[in-house]
Amino acid sequence: MAKIFCVANQKGGVGKTTTTVNLAAGLAKIGQRVLMVDLDPQGNATMGSGVDKRELKHTIYDVLLEEATVAEARMHSEKCGYDVLGANRELAGAEVELVAVERREARLKAALAVTGAEYDFILIDCPPSLSMLTLNGLCCANGVIVPMQCEYFALEGLTDLVNTIKQVHANLNKDLQIIGLLRVMFDPRITLQVQVSDQLKAHFSDKVFNTVIPRNVRLAEAPSYGLPGVIFDPLSKGAQAYVTFAAEMVERIKKM
Ligand code: ADP
Ligand code: MG
């Protein structure tokens, strides 16, 4: 069965989508079967995987409302080497429409259970909130990957996320754990970033991934070509770091 990971952090612009698509591409590159699930109505992970969100017949929205199965709604991204369960603006409505539904937080879990055997990894790109959508992601995941920038306020938002994860763990999903904090957009020339990075390691020890993702302009340019950096410029420092991270994830799941 696939191991399912949410890429979550309720802050926006911290590198969730970049991490999701590049980890997906990195895992595919080293021979893993991957499904990337876009749970953000912005649809950036969909577009960033070369799938046009405006032209989708079915999306994750239809899956959550049980109007389509994962098999019907997913697309294969040839260039990226993984499957995509896409999202677009429609998904913003799901929040409201799910209110009246029973076990609304477990919709994604039920949908993915059917296709779990076809993949090694399912990666879920969460929206920048602790909403019903994120809750659906957390309910079906084995672990949460938390991308964070090594800034002064980085740890502030973490408390809310950690508390949410604890509650989901206690009430809805006993498998759930933070598998790791991923340092992203890292610039070793900035002393503060090095200090915060050291603090993270001191506080969270093995919950901090060994791989560090550098700030790298090629990673930021890639989405405008509808590609993850790992495919767009495989030799760039950013791409190489994400492939290293993919290998680290493969090692981690052996211990799960
Ligand atoms: P989120 O999904 O958390 O909102 P994104 O992945 O969209 O964050 O990243 C926010 C912005 O930062 C985007 O413009 C993205 O291209 C850029 N970015 C992300 N990671 C890096 C990196 N390692 N180096 C340079 N730019 C990055
Ligand atoms: Mg995003």
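None of these values were measured; they are calculated from a predicted model. (Residues numbered from 1 in each chain as written. Chains lettered and ligands numbered in written order. Predicted model: local features only at pLDDT ≥ 70, side-chain atom pairs only at ≥ 80, totals over all residues. Heavy atoms only, no water.)

Draft legend 1. Looking closely at the side chain of Arg252. Within the element layout of this structure, Arg252 appears in helix H12 (residues 237-254). A distance of 2.8 Å separates a polar atom in the side chain of Arg252 from the backbone oxygen of Ile179. Residues in contact with Arg252, not counting those within four places in the same chain, are Ile179, Asp206, Val208 and Phe209. (Helix = DSSP H or I, 4+ residues; strand = E, 2+ residues; numbered from the N terminus. Polar contact = N/O pair within 3.5 Å; in protein donor to acceptor, adjacent residues only side chain to side chain. Contact = heavy atoms within 4.5 Å.)

Draft legend 2. Spotlight on the nonpolar core. Counting residues in each nonpolar core, the largest one holds 48 residues, and the members touching the most others are Ile60, Leu112, Ile122 and Ile124. Sequence-distant contacts of Ile122, defined by excluding residues within four places in its chain, comprise Ala2, Lys3, Ile4, Phe5, Leu35, Val37 and Leu112. (Core = buried A, V, L, I, M, F, W, Y, C linked by side-chain atoms within 4.5 Å. Buried < 20%, exposed > 50% of the residue type's maximum accessible area, 1.4 Å probe, protein only.)

Draft legend 3. Region of the structure containing the environment of Gly137. Looking at the element boundaries, Gly137 is found in helix H7 (residues 132-140). Residue contacts for Gly137: discarding those within four places in its chain leaves Cys6, Leu39, Leu108 and Ile124.

Draft legend 4. Quick peek at unusual backbone geometry. Phi is positive for Glu66, which is not a glycine, with a value near 60 degrees. With a phi angle near 50 degrees, Met185 is a residue other than glycine that sits in the positive phi range. Examined against the element boundaries, Met185 turns out to sit in strand E7 (residues 178-186).

Draft legend 5. Main features of helix H8 (residues 154-171). Over its 18 residues, H8 extends 27 Å from the first C-alpha to the last, a length consistent with the 26 Å expected when each residue adds 1.5 Å. Buried residues of H8: Ala154, Gly157, Leu158, Leu161, Thr164, Ile165 and Val168, and no others. The secondary structure elements touched by the buried residues of H8 are H7, strand E6 (143-149), E7 and helix H9 (191-204). (Expected span 1.5 Å × (residues − 1).)

Draft legend 6. Geometry of the packing of helix H1 (residues 16-29) against H12. As a packed pair, H1 and H12 sit with axes 8 Å apart at the nearest point and diverge in direction by 70 degrees. The angle between H1 and H12 places the two elements in the roughly perpendicular class. Of H12, the residues touching H1 (which contributes Thr18, Thr19, Asn22, Leu23, Gly26, Leu27 and Lys29) are Tyr242, Val243, Phe245, Ala246, Met249 and Val250. Grouping the constituent residues of the contact of H1 with H12 by class yields 8 nonpolar, 4 polar and 1 charged. (Axes fitted to C-alpha atoms, helices over the stretch in contact; angles between N-to-C directions. Parallel < 35°, antiparallel > 145°, perpendicular 65-115°, else oblique. Nonpolar A, V, L, I, M, F, W, Y, C, P; charged D, E, K, R; others polar.)

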